[in-house]
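Fold and geometry: a report
So the chains spell out like this:
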Amino acid sequence: PFDVLVIGGGPAGASAAIYAARKGIRTGIAAERFGGQVLDTMGIENFVGTGYTEGPKLAAQLESHVREYDVDIMNLQVAEELIPAEREGGLHEVTLANGASLKARTLILSTGARWRHINVPGEDEYRNKGVAYCPHCDGPFYKGKRVAVIGGGNSGVEAAIDLAGIVGHVTLIEYEADLRADAVLQRKLASLPNVKIITSAMTTEVRGDGDKVVGLTYKDRNHGTAHEVDLEGVFVQIGLVPNTEWLKGAVALTPYGEIEVDDRGETSQPGIFAAGDATTTPYKQIVVAMGAGSTAALSAFDYLIRLPVE
Ligand code: FAD
């Protein structure tokens, strides 16, 4: 069995595996896709200490850094079920889609999250070419330009307020008749001069010129009419879904599916830790996920050295 088994190979999982392996303990990492969301990212300007890098390059560096250590890397493996140890200090079991079962004294769950898509023509085609999901990451790329934010929940309205301070103009598009964000956020948004709010609007297309986004089309849901907005960026903010469906019943999750962790990264089950976008961490960022991964690995090590001698 492993001393530490990490599930998920994004920034959180890679960081956890490196920190665990450096303690000289038996470490494994199983990931559906090593690199995680970083693989889907183009320019990265907030990886502190590195002014600019690109997702595929950083993902390759994560993997080669892990490979410098004696870590059992199981790439292209999907975890399907977690059976926590029956007694404290016992072995946890993770079943993979290929039928294999892995056992470990401690686990670090770092299966990340995925942005919900609007699923309209142009969204996939122009991803990273005007279609964005993370205002903290991509906002500054649109300095002085026109953007839309799709979604009027808290994250959409927060994104619109954030972007309004950077870009030239923001159009916020909400499907329902009213925004769902907290009243205080809505008041703040309404006070901004360069924001237009459009409700009862269904985005039907992200338009591009073959190279980059040039606008979007929405349908007015009250009148059935189609409207076009010319702009350079579209931020989709209709929800971030944690990849934790496979953990239901095994560890405590919030109603949104986030793994509940304390400030040491421990879940509701002793010996099972979690890190990164899959957890209740309030900010979903690469450096935050890496910090959480190292925290979880150090906590797992702390847990292991306190287990009674057998
Ligand atoms: P993830 O990166 O999501 O990795 C999850 C890992 O778990 C993957 O290896 C995945 O394959 C694996 N996995 C999932 N389910 C299973 C399963 N059942 N079994 C086995 N493995 C599984 N952040 C920044 O700081 N700066 C940026 O510029 C930036 N730009 C972004 C641009 C885009 C388009 C996106 C989508 C995100 C961006 N982010 C950015 C956010 C950043 O990518 C995430 O915060 C970060 O990757 C989270 O790391 P993680 O390790 O928690 O999860």
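Residues numbered from 1 in each chain as written. Predicted model: local features only at pLDDT ≥ 70, side-chain atom pairs only at ≥ 80, totals over all residues.

Where an unreviewed UniProt entry is consulted, the chain appears under the name Thioredoxin reductase, with the organism given as Stakelama saccharophila. Per its UniProt entry, the chain bears the Subunit (unreviewed entry) comment "Homodimer." (UniProt positions renumbered as here; feature names shortened; annotations may be inferred.)

Remarks on the site of the ligand
Taken together, 40 residues surround the ligand, and among them G8, G10, G36, G112 and G276 come closest. Partitioning the shell around the ligand into residue classes produces 20 nonpolar, 15 polar and five charged. (Near = placed C-beta within 6 Å. Nonpolar A, V, L, I, M, F, W, Y, C, P; charged D, E, K, R; others polar.)

A few points about the pairing of strand 13 (residues 195-198)
Sheet topology places strand 12 (residues 169-173) next to strand 13; four bridges connect them, and they run parallel. In the sheet register, T171 faces strand 13, and the bridge partner there is K196. As a crossover connection, the stretch from strand 12 through helix 5 (residues 183-190) into strand 13 is right-handed. (Pairing = 2+ DSSP bridges. Helix = DSSP H or I, 4+ residues; strand = E, 2+ residues; numbered from the N terminus. Right-handed = clockwise from strand over helix to strand, strands pointing away.)

Comments concerning the sheet that holds strand 13
Spatial strand order, 10-17-11-12-13: five strands in an open sheet with parallel pairing. In this open sheet, the two strands that pair with only one neighbour each are strand 10 (131-132) and strand 13. The sheet contact formed by strand 11 (residues 146-150) and strand 12 spans five bridges and is parallel. Looking across to strand 12, one finds that V149 is bridged to L172. Here helix 4 (residues 154-164) sits on the sheet and contacts strand 11, strand 12, strand 13 and strand 17 (233-236); the angle it forms with strand 11, its principal contact strand, is near 165°. (Contact = placed C-beta atoms within 7 Å. Axes fitted to C-alpha atoms, helices over the stretch in contact; angles between N-to-C directions.)

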